[in-house]
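# A structural walkthrough
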Number of protein chains: 2
Amino acid sequence: MNATAGTAGIARLATQTADFDQRLNALLDWEGVSDHAVQARVDDILSSVKARGDAAVIEATNRFDRLSATSMQELTLTPARLEQAFNGLPDEQREALAAAAERIRRYHEHQKPASWQYTEADGTVLGQQVAPLDRAGIYVPGGKAAYPSSVLMNAIPAHVAGVSEIVMVVPTPDGVLNELVLAAAHLAGVDHVFTLGGAQAVAALAYGTETVPRVDKIVGPGNIYVATAKRAVFGQVGIDMIAGPSEILVVADGGTDPDWLAMDLFSQAEHDEDAQAILVSWDEAVLDAVEASIERLLPTLERRDIIRASLSARGALIHCENEQEAVAIINRIAPEHLELSVADPQRWLPDVRHAGAIFMGRYTAEALGDYCAGPNHVLPTSGTARFSSPLGVYDFQKRSSLIQCSPEGAAALGEVASILARGESLTAHARSAEYRLKR
Amino acid sequence: MNATAGTAGIARLATQTADFDQRLNALLDWEGVSDHAVQARVDDILSSVKARGDAAVIEATNRFDRLSATSMQELTLTPARLEQAFNGLPDEQREALAAAAERIRRYHEHQKPASWQYTEADGTVLGQQVAPLDRAGIYVPGGKAAYPSSVLMNAIPAHVAGVSEIVMVVPTPDGVLNELVLAAAHLAGVDHVFTLGGAQAVAALAYGTETVPRVDKIVGPGNIYVATAKRAVFGQVGIDMIAGPSEILVVADGGTDPDWLAMDLFSQAEHDEDAQAILVSWDEAVLDAVEASIERLLPTLERRDIIRASLSARGALIHCENEQEAVAIINRIAPEHLELSVADPQRWLPDVRHAGAIFMGRYTAEALGDYCAGPNHVLPTSGTARFSSPLGVYDFQKRSSLIQCSPEGAAALGEVASILARGESLTAHARSAEYRLKR
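Worth saying up front: this structure is predicted, and the values here are computed from it rather than measured.

Thresholds, definitions, all that
- Residues numbered from 1 in each chain as written.
- Chains lettered and ligands numbered in written order.
- Predicted model: local features only at pLDDT ≥ 70, side-chain atom pairs only at ≥ 80, totals over all residues.
- Heavy atoms only, no water.
- Helix = DSSP H or I, 4+ residues; strand = E, 2+ residues; numbered from the N terminus.
- Buried < 20%, exposed > 50% of the residue type's maximum accessible area, 1.4 Å probe, protein only.
- Polar contact = N/O pair within 3.5 Å; in protein donor to acceptor, adjacent residues only side chain to side chain.
- Contact = heavy atoms within 4.5 Å.
- Axes fitted to C-alpha atoms, helices over the stretch in contact; angles between N-to-C directions.
- Left-handed = near helix turned anticlockwise from the far one by under 90°.
- Nonpolar A, V, L, I, M, F, W, Y, C, P; charged D, E, K, R; others polar.
- Least-squares fit on C-alpha atoms with pLDDT ≥ 70 in both.
- Core = buried A, V, L, I, M, F, W, Y, C linked by side-chain atoms within 4.5 Å.
- Pairing = 2+ DSSP bridges.
- Disulfide = S-S within 2.5 Å.
- UniProt positions renumbered as here; feature names shortened; annotations may be inferred.
- Phe/Tyr/Trp six-rings, centres within 6.5 Å; stacked < 30°, edge-to-face > 60°.
- Buried area = accessible area lost by both parts, 1.4 Å probe.
- Salt bridge = Lys/Arg side-chain N within 4 Å of Asp/Glu carboxyl O.

## Quick look at the side chain of S341(B)
All names here are of chain B. With respect to the helices and strands, the residue S341 is situated in strand β13 (residues 337-341). For S341, a relative accessible area of 0% translates into the label buried. Here T256 takes part through its side chain, which lies 2.7 Å from a polar atom of the side chain of S341. In this view, S341 contacts V250, V251, A252, D253, T256, L261, G361 and R362; residues no more than four positions away in its chain are not counted.

Below you can see the structure in the form of structure tokens.
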């Protein structure tokens, strides 16, 4: 993979080489498949929590997070504790968090769909009623990837949707609490926080226990146990997408400072070793310049080891022939984050069929969107932007169809329904419709 | 369960009895769980189709549908064949199908969300771009439950969404084709039809084969093998809800002919033995009258054996104290179909938090909605209306967030992002934002 790699080890690909498709496919290949051992362990945890509730949750938590809790009370954080965390933050952090929350809220207000109805000529009314979920569960990872921004991004859309109860779970391995995460929960209007993680937390949310209220939908990223558990309870409750590693595709026309582009790639790569950062340009000189910036800047970064691992395993600088090829690569990858670091990004929009979030122009660093621009940072990964959307208010609402037939409408529709029902040999359907014909 | 049951064997429950909650829970209990044997067989089929494509699909199809195909060509229906099926229908059926398709299309046009953008004071643009999926896969069951109406209900929303390619699979056990199903596929704008079913069809759609194009989302109901396969490929492709047995909850105030109500319950129960039909009233006389109608009408029905089995195993007539209790039962059950056979159903709407489709008033038989009123008949079952919606245009579209920061916007946001990123120890994020501060 790293034929032309420098010390950062980032691969150089070119669309004109014979093995381009093969190399790109290899680079993108990712399957977060849980093996049978993980599956079996998760099944065990799910069924024990379903059968024994709190007791099973406490046992699993003590075991996996190395705690010695004796009651669920010890695994519950009160609203007062969350507020204390918020008030205890340095002013600068508290204000930044509040500013981000306000912008996220404002953006998501634009996503609220309205209920609608229309009346036909014969008086029949059709429509759709939109209602919030009663309860949402938010999984927040603990340990090294505990991100307060994720609390805001998951809880605020639920709040804007009108969800009446938001339940958050966050593991505290070895008892370590993240004050910023708690502060974010306070700010985002989370109603309950339990210090649980793993499959046991998913089970508690999906089935409910004596202490943990059963929710209607579980959102938020987690490790392979969490992902496997979410897949298993899907149907009992709703779930969001099962997240893979985070990724960015940057398209550059040469007008952006190569240091900026290198840092944008780093900001993706620093998440973890599996994260993916790819740069595409039709100008070989741009790739050379960014590669030079990468080499020069990498040693200055705190998370350089993670970044180096990520760039050498999954990163790439791709040379394409022209803008059309860049568009084809965008739609082939369906990136979670797409940065259009070009002169007129709006011109590109109609051609971008698949992307989680599109960062347009030289000033729109992905990092701005990760924290505070307003749009959600929970985005479809690993090409799932082909069929799924950023987390949004719509994830915390559902719709009911509305049908109210006038007597005239029922008579007209009854004729059609009767013929089709008989065509399907469903004669009780037919007769139910036919009753409404006789007046 | 059938303490007070007549020959139809439908249970009578009353909210005022001590064991009401327990009896209702037992009645509603449904878990379409696939056991380990099913899981293992499905896993085998999925991995063989993934590895060997068409050859594995043909083998599985020959085996499970008792065919002897030697090529995928024999398992492919041409557009000409679909058109021939449509033209070959009796006039009455062809016209009824076309009328239903037209109404379904018109209703779903109301569901199209638009892309939106807004510009902030400092010139920063935020928004969301809505785009259709490239390819949708529609699973249509074969055999006894082959419903042309389901073809319309699954394919038309995809068409309205702007999906460019709609791929349909329908098994033909023993080679039996349903002409109405093919005609509906023609009418609904299906692009490809393959006569495949089971886990092998799901695998072909999810992974693609030499012949079957890989789709972005798979929708449509199926048996336990299909449901298990859909759950397994979720993430590779999108899927709709995993459907349980169909159900209706009818609320009656006494103003509707009891024969009509009995037939509405029958129309649900005739689907299959697991289907569920429940009637609720605060007027004991209404329950008595409907029970009498059930007893009198049941013997006249073609599908009386299925109906009797369904009503005695899963049906109920529930006496509640008042409208408030009826509302509580609605929200407890979160029914797939809710029939409000009452004087002023619109008055009830604000209190109905969970229901797939709401049929309002005495003239709105569920059967009208099943075929031709316009709203979709693919609805959340088994209480999943708590968190999911009728199949709709929105299921065949996805969104991309749009962010375009002005230099001033990037400077303001960069301050906030930098503080929060450093709080998360993501310093490359911080530096990427900080670059946009310097001008």
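## Examining the packing of helix α10 (residues 258-269) of chain B against helix α11 (residues 284-297) of chain B
All names here are of chain B. Running from N to C, α10 and α11 point in directions that differ by 65°, and their axes come no closer than 8 Å. Seen along the crossing, α10 lies across α11 with a hand that is right-handed. In contact with P258, D259, L261, A262, M263, L265 and F266 of α10, α11 contributes A289, V290, S293, I294, R296 and L297. Of the residues contributing to the contact of α10 with α11, the split by class is 10 nonpolar, 1 polar and 2 charged.

## Here's the deal with the relation of the copies chain B and chain A
Laying chain B over chain A is done by rotating through 180° and shifting 0.0 Å along the axis; what remains is an RMSD of 0.0 Å. Taken together, the rotation and translation describe the operation of a two-fold axis. Of the C-alpha atoms belonging to chain B, the one lying closest to the rotation axis is found on R231(B), 3.7 Å away. Comparing contact sets, 100% of the residues at the interface of chain B also lie at the interface in chain A, consistent with an isologous, same-surface contact.

## Quick notes on unusual backbone geometry
Of note, the phi angle at R66(B) is positive, near 55°, even though the residue is not glycine. With phi around 60°, S425(B) is a residue other than glycine that occupies positive phi space.

## Thoughts on the nonpolar core
Ranked by size, the top nonpolar core spans 163 residues in total, and within it L196(A), L152(B), L196(B) and F266(B) carry the most contacts. Aside from chain neighbours lying at most four places away, what touches L196(B) is V57(B), T61(B), M72(B), L75(B), V169(B), V170(B), P171(B), A201(B), A204(B) and V212(B). Within the second largest apolar cluster, 95 residues are counted, among which are A8(A), A136(A), V170(A) and L379(A).

## Side note on the pairing of strand β12 (residues 316-319) of chain A
Residues and elements named next belong to chain A. In β12, alternate side chains face the same way, and those of A316 and I318 on one face and L317 and H319 on the other are all buried. By the bridge criterion, 4 bridges tie strand β1 (residues 11-14) to β12 in an arrangement that is parallel. Across the sheet, the residue bridging to R12 is L317, located in β12. Pairing between strand β11 (residues 276-281) and β12: 4 bridges, direction parallel. Bridge pairing in β12 links I278 to A316.

## Digging into the state of the cysteines
Scanning the entire structure with this criterion turns up 0 disulfides over all chains. In this structure C372(A) is a free cysteine whose sulfur lies 8.2 Å from that of C405(B), the closest cysteine sulfur available. Judged by its relative accessible area of 6%, C405(B) falls in the buried class.

## A look at the UniProt feature "binding site: NAD(+)" (unreviewed entry) in chain A
Residues and elements named next belong to chain A. Per the UniProt record, "binding site: NAD(+)" (unreviewed entry) is annotated on Y139, Q200 and N223. What stands out for the annotated residues spanning 85 residues is how close their C-alpha atoms remain, the widest pair being 12.6 Å apart. In this structure, Y139 sits in strand β5 (residues 135-139). Residue class for Y139 comes out buried when judged on its relative accessible area of 4%. In this view, Y139 contacts V169, P171, G197, G198, A201, V202, V219, G220, P221, G222 and V226; residues no more than four positions away in its chain are not counted. Engagement of the side chain of Y139 in a polar contact is seen with the backbone nitrogen of G198, the distance being 2.8 Å. Counting through the fold element by element, N223 comes out in the loop between β8 (217-219) and α9 (224-233). Here V226 takes part through its backbone nitrogen, which lies 3.1 Å from a polar atom of the side chain of N223.

## Here we look at the packing of aromatic side chains
Counting across every chain of the model gives 9 aromatic pairs over all chains. With a centroid separation of 5.4 Å and 10° between ring planes, the pair formed by F234(A) and F234(B) is classed as stacked. Within this pair, whereas F234(A) is found in the loop between α9 and β9 (238-239), its partner F234(B) is found in the loop between α9 (224-233) and β9 (238-239), the two belonging to separate chains. Of the two residues examined, F234(A) and F234(B), each falls in the buried class.

## Brief notes about the sheet that holds strand β2 (residues 76-77) of chain B
The strands making up a sheet associate through hydrogen bonds between their backbones, and the pairing can be parallel or antiparallel. All names here are of chain B. Strand order in the open sheet made by the 6 strands is β2-β7-β6-β5-β8-β9, with mixed pairing throughout. Two strands bound the open sheet, and with one partner strand each, they are β2 and β9. The pairing of strand β8 (residues 217-219) with β9 spans 2 bridges and is classified as parallel. Within the sheet, the bridge partner assigned to K217 lies in β9 and is G238. Those strands touched by α9 are β5 (135-139), β8 and β9, and its axis lies near 160° from that of β8.

## Some thoughts on the interface of chain B and chain A
Listed as interface residues are 123 residues of chain B and, on the opposing side, 123 residues of chain A. Interface of chain B and chain A: buried area, both sides summed, is about 11100 Å²; carbon and sulfur atoms make up 57% of it. On inspection of chain B and its partner chain A, the count reaches 12 salt bridges. Linking E339(B) and R436(A) is a salt bridge whose minimum nitrogen-to-oxygen distance equals 3.8 Å. Counting residues per element, the side of chain B that touches chain A draws most heavily on helix α16 (residues 407-423) of chain B, which supplies 10 residues. Grouping the amino acids of the side of chain B that touches chain A by side-chain chemistry returns 62 nonpolar, 33 polar and 28 charged. Inspection of the sheet shows strand β14 (residues 357-360) of chain A paired to strand β15 (residues 397-404) of chain B by 3 bridges, in the parallel sense.

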